[in-house]
Amino acid sequence: MGTIRLAIAGVGNCASSLLQGLEYYRTRENSESAGVLHADLAGYRLEDVHPVAAFDVDARKVGRPLEEAAFAAPNCTTIFQEKLPAWGVSVQMAPILDGIAQHMADAPPERAFRPSDAEPVDVARALRESGAEVLVCYLPVGSERAIRHYAEACLEAGVAFVNCVPVFIASDPVWAQRFAERGLPIVGDDIKSQVGATIVHRTLTRLLGDRGTHLDRTYQLNTGGNTDFLNMLERSRLVSKKLSKTESVQSQLDERLADTDIHIGPSDYVAWQRDNKVCFIRMEWRGFGDVPMNLELRLSVEDSPNSAGVAIDAIRCAKVGLDRGLGGPLEAVSAFTMKHPPRQMRDSVARTELESFIAGE
């Protein structure tokens, strides 16, 4: 099938895990390793994905080879593939816009962003010159202007867009129409991990409905120690994140919960957790005879590899969409891989429709 020329916006923990995975699976047989849903996706394997451009704003990453920047501070995710190939890609300085929360300056440098004083590049021009076909966006939560800047650059440069951030592009009808008119696929918004808080909460919510019970109230609390959780200490940056996570769970209910009966969102930053995310879920329901019952769950995951296993399929599906001349949101792909897609589906239905999309049906 050829290659997938990939651009990366934000060389943080998620990008690091994705890049490590490209090399990790290149040297292993399918039977040797877990973590990949589709070893071959419509003819594209992981080794067909080639980074050709990367953008960041941190002084410790800008100007460095991508294979080095992937491990630079403040990245703190698990290193499962120490040696990365020399891709011949230097990280370019992007416009900061609203990409860095003000309180980051008060945190220790090894934990937080430190902006570069390099001159920002023209992102659209850099995409064209690199020959990028797909851009995956990993910017911090709340970077509304910055993410829209990348979306505009993709439209200008003719690049498919995979939006892993809870800034609504694919699920916004105006943006969706613009990508459709340009003949460019978009997958979004807000990446859903392989087995993370959202997918577990969605599955349990649907299970309660399918078993004839009535969910009365629920919460999901999350803590972590990476820059994502540090960034989210600024509550004003959380509006779209809370909406994305809450609607993802509400969509699995036959009857919505009142806003006062559901609470979902990031809760606190615990520096020593690093890229480890810990989730606490409580669900209270009534079963036969209206007898009250409840469930409490604690889930501990490494946040960035957990998302990379899904992002790698979203990226390949975006390229498949390009190959097929599709424009606008890829609805089945988005429903399976993202928390806030243009159209929510039951996860079992989304998986079936994803496989149909891959098969070209």
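For the structure, check the block above.
My aim in this report is to walk through the structure given alongside it, one point at a time. (Residues numbered from 1 in each chain as written. Predicted model: local features only at pLDDT ≥ 70, side-chain atom pairs only at ≥ 80, totals over all residues. Heavy atoms only, no water.)

**Details of the packing of helix 1 (residues 13-26) against helix 9 (residues 303-323)**
Logical step 1: Contact pair helix 1 / helix 9: the axes reach a minimum separation of 8 Å and the direction vectors enclose 65°. Comparing their axes, helix 9 and helix 1 come out roughly perpendicular. The crossing of helix 1 and helix 9 is right-handed. Seen from helix 1, the contacting residues are Asn13, Cys14, Ser17, Leu18 and Leu22; seen from helix 9, they are Ser304, Pro305, Ser307, Ala308, Ile312 and Ile315.
Logical step 2: Of the residues belonging to the contact of helix 1 with helix 9, the class tally is 7 nonpolar, 4 polar and no charged. (Axes fitted to C-alpha atoms, helices over the stretch in contact; angles between N-to-C directions. Helix = DSSP H or I, 4+ residues; strand = E, 2+ residues; numbered from the N terminus. Parallel < 35°, antiparallel > 145°, perpendicular 65-115°, else oblique. Left-handed = near helix turned anticlockwise from the far one by under 90°. Contact = heavy atoms within 4.5 Å. Nonpolar A, V, L, I, M, F, W, Y, C, P; charged D, E, K, R; others polar.)

**A closer look at the environment of alanine 146**
Logical step 1: Structurally, alanine 146 can be placed in helix 4 (residues 144-157).
Logical step 2: Among residues more than four places away in sequence, those in contact with alanine 146 are Ile96, Leu97, Asp98, Gly99 and Leu139.

**Focus on helix 1**
Two residues of an α-helix separated by three or four positions point the same way, owing to the 3.6 residues in each turn.
Logical step 1: Helix length check: helix 1 (14 residues) gives 20 Å between terminal C-alpha atoms against 20 Å at 1.5 Å per residue, within 8%.
Logical step 2: Among the 14 residues of helix 1, 10 are classified as buried, and the element is accordingly described as predominantly covered.
Logical step 3: The set of residues buried in helix 1 consists of Asn13, Ala15, Ser16, Ser17, Leu18, Leu19, Gln20, Gly21, Leu22 and Glu23.
Logical step 4: Lining the buried residues of helix 1 we find strand 1 (4-9), strand 4 (49-56), helix 2 (66-69), helix 7 (227-231) and helix 9. (Expected span 1.5 Å × (residues − 1). Buried < 20%, exposed > 50% of the residue type's maximum accessible area, 1.4 Å probe, protein only.)

**Let's talk about the packing of helix 9 against helix 11 (residues 347-359)**
Logical step 1: Remark: helix 9 packs on helix 11, axes separated minimally by 10 Å, with the N-to-C direction vectors making an angle of 45°. The angle between the axes of helix 9 and helix 11 places the two elements in the oblique class. Note that helix 9 runs across helix 11; the crossing there is left-handed. For the pair helix 9 and helix 11, contact is made by Cys317, Val320 and Gly321 and by Leu354, Phe357 and Ile358, respectively.

**Notes on the pattern of salt bridges**
Logical step 1: If you walk through the whole model with that rule in mind, you get 27 salt bridges.
Logical step 2: Among the salt bridges present, the one from arginine 202 reaches aspartate 347, with a minimum N-O distance of 3.0 Å. With arginine 202 in helix 6 (residues 197-210) and aspartate 347 in helix 11, this pair connects stretches of sequence that are 145 residues apart. When sorted by exposure, arginine 202 lands in the same class as aspartate 347, which is buried.
Logical step 3: Note that arginine 316 and aspartate 313 form a salt bridge whose closest N and O atoms lie 2.5 Å from each other. Of this pair, arginine 316 and aspartate 313 both sit in helix 9, 3 residues apart, which is roughly one turn of the helix.
Logical step 4: One salt-bridge network, held together by shared partners, links Arg206, Asp210, Asp254 and Arg346. (Salt bridge = Lys/Arg side-chain N within 4 Å of Asp/Glu carboxyl O.)

**So, the sheet that holds strand 13 (residues 328-329)**
Logical step 1: The sheet built from 7 strands is open, its strands ordered 5-4-1-6-7-8-13 with parallel pairing. Of all the strands in the sheet, just strand 5 (91-93) and strand 13 have a single pairing partner and so form its edges.
Logical step 2: In this sheet, strand 5 lies alongside strand 4 in parallel orientation, the contact comprising 3 bridges. Bridged to aspartate 56 within strand 5 is methionine 93. (Pairing = 2+ DSSP bridges.)

**Details of unusual backbone geometry**
Logical step 1: At the junction of alanine 73 and proline 74, the peptide bond is cis and its omega measures out at 5° in the coordinates.
Logical step 2: Along the polypeptide, proline 74 turns up in the loop between helix 2 and strand 5.
Logical step 3: In the segment running from glycine 188 into aspartate 189, the intervening peptide bond is cis, with an omega of 5°.
Logical step 4: Topologically, aspartate 189 is positioned in the loop between strand 8 (185-187) and helix 6.
Logical step 5: Not every positive phi belongs to a glycine, and leucine 97 is a case in point at roughly 50°.
Logical step 6: What makes leucine 97 partly exposed here is its relative accessible area of 36%.
Logical step 7: Located in the positive-phi region is aspartate 290, a residue other than glycine, with phi close to 60°.
Logical step 8: As for its position among the elements, aspartate 290 is in the loop between strand 11 (276-286) and strand 12 (292-302).

**Describing the environment of valine 333**
Logical step 1: Along the polypeptide, valine 333 turns up in helix 10 (residues 331-337).
Logical step 2: Ignoring any residue separated from it by four or fewer positions in sequence, one finds valine 333 in contact with Val187, Ala314, Cys317, Leu354 and Phe357.

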